[in-house]
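Architecture and fold: a report
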Amino acid sequence: MLRNLPRTMTRDMLFELFCDQGLGDRLDFLYVPTNFEGDDNFGYGFVNLKTFQDAENCRSQLQDFGDWPTPWDQTCKVLSGDTCQGLEACARTHAATAEDV
């Protein structure tokens, strides 16, 4: 889970950020819940990376990241998913709006 995402960041913008960080091809799940009344997100997103090492690389690259493509004064916090690990678990948990990368 990624916290403190800029509220105007879209799923596509977050995917582009992962690509810029060299992690785009290591993702197999990316979901940014959106408030449809205002088109902003809720400030967090869910990702799944293909291997444990990919997840560790994500953590080291994005923990305290703040060079957002849109104005935002908070830094990213990367949290481990203790209840939802792996592509299938993520897809089941977020089935209503999940999209594979």
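Above this text sits the structure in question.
This write-up is about the structure you can find in this document. This one's a predicted model, so the numbers in the text were calculated from it and none came from an experiment. (Residues numbered from 1 in each chain as written. Predicted model: local features only at pLDDT ≥ 70, side-chain atom pairs only at ≥ 80, totals over all residues. Heavy atoms only, no water.)

What follows deals with the overall build of the chain. Scanning the chain from terminus to terminus reveals 3 helices and 4 strands. Starting at the N terminus, the α and β elements of the chain follow one another as β-α-β-β-α-β-α. Looking at the chain residue by residue over its 101 residues, the buried ones come to 35%. Put simply, 57% of the contacts in the chain that link residues at least 6 apart link residues at least 24 apart. (Helix = DSSP H or I, 4+ residues; strand = E, 2+ residues; numbered from the N terminus. Buried < 20%, exposed > 50% of the residue type's maximum accessible area, 1.4 Å probe, protein only. Contact = heavy atoms within 4.5 Å.)

A complete count under the given rule lists 0 disulfides for this structure. Between C58, a free cysteine, and C76, which holds the nearest cysteine sulfur, the sulfur-to-sulfur gap is 7.4 Å. For C58, a relative accessible area of 2% translates into the label buried. (Disulfide = S-S within 2.5 Å.)

To continue, consider the environment of Q74. Position of Q74 among the secondary structure elements: in the loop between α2 (52-62) and β4 (77-78). Residue Q74 is classed as partly exposed on the basis of its relative accessible area of 32%. Taking the C-alpha atoms as reference points, Q74 and D64, 10 residues apart in sequence, are found 8.4 Å from one another. Here Q74 is in contact with N4, F65, G66 and W68, once residues within four sequence places are set aside.

Here we come to the packing of aromatic side chains. If you walk through the whole model with that rule in mind, you get 4 aromatic pairs. The interplanar angle of 15° and the centroid separation of 6.2 Å between the aromatic rings of Y31 and F46 together place this pair among those described as stacked. With a gap of 15 residues between them, Y31 in strand β2 (residues 27-31) and F46 in strand β3 (residues 44-49) connect regions that are remote in the sequence. The class for F46 is partly exposed, based on a relative accessible area of 21%. An aromatic cluster is present here, built from Y31, F42, Y44 and F46 joined pairwise through their rings. (Phe/Tyr/Trp six-rings, centres within 6.5 Å; stacked < 30°, edge-to-face > 60°.)

Purely geometric numbers; function is a separate question.
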